[in-house]
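Topology and contacts: notes
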Amino acid sequence: MFTLPDIARDFGCTMATMGGVLFSQALGRATGNTLWGWFADRFGRRPAFMLGVVWFAVFSTLTGMTHSVILLMVVQFLFGAGFGGEWTASAALLMETVPASLRSRASALMMSGYEVGYLAAAGMQALILPHYGWRVLFFIGVIPAFLAIFIRIGVKESPVWLASRAEHHKTKTQAPPFSWSGSALQAITLMCFLEFQKAAIYTFYPTILRGSHHLSPQLIFWPVTLYCVGSFLGKLTCGSLAERFGETRVMQVAIALTMLIAWPFLCAPQWSVLLASAFIMGAASSGVFALVPHYLSLRFSSEHRSFGMGISYAVGSLGQGVAGRIIPALGPTVSSLPLSALALVLGSSAISAGITAYKPKKMPSF
């Protein structure tokens, strides 16, 4: 996201073409979500988690070695596969490990990792991009591969998965087939529009700050930092509030606030308003995602939880990829890009709020 204008300039392509690269990554994430979900249900959450971490670290590094748009699309597709797979396995592992009373809070804490990484990326691009170019930023992406060592030594397998496997082995029965129930369809549909909304909010946000607001990489650091701080605090707050008021109510309030703050976040000409709205947008839009792992885990049985969560995120990845293509297509110029993103934020937010109002007749036991 921070390097899109630089890559486009080096490769001599348009932002719409870079949207195609993002769509390729989204397809990879959808593939990884699905395949890793199946792998995690069959062979365990921990090995799938380890494989995903190493995979996306390797292909992040290889991204910095590409010299054509076609090769970049291929590498980003493979990067997305590992990234999506890592999330699917780790989310199921976490939700099946922590006590039920702490799942909402644990969900929020896990998802706050995005903001920590986004803030780190903002700081690194401010220091590295003007002096060493965009490729070095991707080379740094190999560092997470070393987390696989920690996972191997310090992370235990999901007790829920172990118990389910032991039960089926004892009774010599197969797991029931995946059910396309109302709760499953709700989870899948919601993720499609939430990921679409997220892409509309921040995929092109650094590009908008550089193009429409004429900010340097160093100045971009400040609104992005406030967005990340707001996101981190918003996720923790929403996780705590969900334990008291319920996930649906908290998600709907956060989505409503996202719609209210969308225009100043993307279009405000005043520096102070831009900074304040970045903090509020981070708290509101990311607060919804704090509840996603727990929300999804409740809608699938243990036998197919990782696969179901993977399918949900896979469809969500496609929604994010479609947004990455539509936004620059509808807003091809510097002045029209913020308005294109704004329209899609409002539309996808309204649909997401409507989906959360649906109450499935039957929910899997967990």
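Residues numbered from 1 in each chain as written. Predicted model: local features only at pLDDT ≥ 70, side-chain atom pairs only at ≥ 80, totals over all residues. Heavy atoms only, no water.

Re the packing of helix 13 (residues 247-267) against helix 17 (residues 337-356)
Filter applied, for reference: Axis angles are defined between N-to-C directions and span 0 to 180 degrees, where every axis is a line fitted to C-alpha atoms and, for a helix, only to the segment in contact. Secondary structure elements are defined from DSSP: runs of H or I of at least 4 residues count as helices, runs of E of at least 2 residues count as strands, and each element is numbered from the N terminus. By the definition adopted for this analysis, an angle is roughly parallel if under 35 degrees, roughly antiparallel if over 145, roughly perpendicular if from 65 to 115, and oblique otherwise. Contacts between residues were defined by any pair of non-hydrogen atoms, one from each residue, lying within 4.5 Å. Only Asp, Glu, Lys and Arg are considered charged in this grouping, and only Ala, Val, Leu, Ile, Met, Phe, Trp, Tyr, Cys and Pro are considered nonpolar; every other residue, Gly among them, is considered polar.
Contact geometry for helix 13 and helix 17: axes closest at 10 Å, N-to-C directions at 170 degrees. For the element pair helix 13 / helix 17, the angle class is roughly antiparallel. Between helix 13 and helix 17, the contacting residues are Thr248, Met251, Gln252, Ile255, Thr258, Met259, Ala262, Trp263, Leu266 and Cys267 on the first element and Pro338, Leu339, Ala341, Leu342, Val345, Leu346, Ser349, Ala350, Ser352, Ala353 and Thr356 on the second. Looking at the contact of helix 13 with helix 17, its residues break down into 15 nonpolar, six polar and no charged.

Quick notes on the pattern of salt bridges
Side chains bearing opposite charge may pair, as long as their charged atoms lie close to each other. Let me state the cut-off plainly: For this analysis, a salt bridge means a side-chain nitrogen from Lys or Arg found within 4 Å of a carboxyl oxygen belonging to Asp or Glu. For every residue, the accessible area (1.4 Å probe, protein chains only) is compared with the maximum for its type, and the residue is labelled buried under 20%, exposed over 50%, or partly exposed between those bounds.
A complete count under the given rule lists eight salt bridges for this structure. Residues Glu96 and Arg305 are paired through a salt bridge, measuring 3.2 Å at the closest nitrogen-oxygen approach. Of the two residues, Glu96 is situated in the loop between helix 4 (69-95) and helix 5 (103-111) and Arg305 in helix 16 (residues 305-330); the sequence distance between them amounts to 209 residues. The class of Arg305 is buried, set by a relative accessible area of 0%. Each member of the salt-bridge network shares a partner with another, and the members are Asp41, Arg45, Glu96 and Arg305.

Remarks on the state of the cysteines
Filter applied, for reference: Two cysteine sulfur atoms form a disulfide, by the criterion used here, when they sit within 2.5 Å.
This model, assessed by the stated rule, comprises zero disulfides. Here Cys238 stays unpaired: no disulfide links it, and the sulfur of Cys228, its closest cysteine neighbor, is 16 Å away.

A look at the environment of Leu194
Mapped onto the elements, Leu194 comes out in helix 10 (residues 182-202). On the basis of relative accessible area, Leu194 is assigned to the buried category, the value being 0%.

Observations concerning the UniProt feature "transmembrane region" (unreviewed entry) in the chain
Here is the rule we go by: UniProt positions are given in the numbering used here, feature names are shortened, and annotations may be inferred rather than shown by experiment.
Mapped onto this numbering, the UniProt entry annotates "transmembrane region" (unreviewed entry) at residues 48-65, 106-128, 134-155, 219-238, 250-266, 272-295, 307-327 and 339-358. Across residues 134-155, helical content stands at 64% and strand content at 0%; the span's end C-alpha atoms are separated by 34 Å. Annotated as 90% helix and 0% strand, the span residues 339-358 places its first and last C-alpha atoms 30 Å apart.

A word on helix 4
This is how the line gets drawn: Working rule for helices: expected span equals 1.5 Å times residues minus one.
Relative to the 39 Å expected for 27 residues at 1.5 Å per residue, helix 4 spans 38 Å between its end C-alpha atoms, a close match to the ideal helical length. Of all 27 residues that make up helix 4, 19 are buried, and the element is covered over most of its length.

Regarding the nonpolar core
A general trend in soluble globular proteins is that nonpolar side chains are found buried together. Our working rule: We call a set of buried residues a nonpolar core when its members are Ala, Val, Leu, Ile, Met, Phe, Trp, Tyr or Cys and they connect through side-chain atoms within 4.5 Å of each other.
If you look at the biggest cluster of nonpolar residues, it comprises 47 residues, and the most contacted ones within it are Tyr205 and Val224. If near-sequence neighbours (up to four positions away) are discounted, Val224 is found in contact with Phe2, Tyr118, Ala122, Tyr205 and Leu209. Counting residues in hydrophobic clusters, the runner-up holds 26 residues, among them Ala184, Ala187, Leu194 and Ile255.

Some points on the environment of Ala290
Inspection of the secondary structure puts Ala290 in helix 14 (residues 271-290). Between the C-alpha atom of Ala290 and that of Leu236, which follows or precedes it by 54 residues, the distance is 7.4 Å. Beyond its immediate stretch of four places on either side in the chain, Ala290 contacts Ser104, Ser107, Ala108, Met111 and Lys235.

Describing the packing of aromatic side chains
To keep things clear, this is the line we draw: A pair of aromatic rings is counted whenever rings of Phe, Tyr or Trp (Trp by its six-membered ring) have centres within 6.5 Å, and the orientation is called stacked for planes under 30 degrees apart, edge-to-face for over 60 and tilted otherwise. By definition, being over a ring means that NZ of Lys or CZ of Arg is both within 6 Å of the ring centre and within 35 degrees of the ring normal.
Applying the stated criterion to the full structure yields 16 aromatic pairs. Relative to Phe265, the ring of Tyr205 lies with its centre 4.3 Å away and its plane at 20 degrees, an arrangement referred to as stacked. With a gap of 60 residues between them, Tyr205 in helix 11 (residues 205-211) and Phe265 in helix 13 connect regions that are remote in the sequence. In this structure Tyr205 comes out as buried when scored by relative accessible area, which is 1%. Through successive ring pairs, a cluster of aromatic residues spans Phe56, Phe79, Phe83 and Tyr114. Here the guanidinium or amino end of Lys198 rests over the ring plane of Phe289, the centre of that ring lying 4.7 Å away. A cation over an aromatic ring shows up here: Arg299 above the ring of Tyr295, its NZ or CZ 3.6 Å from the ring centre.

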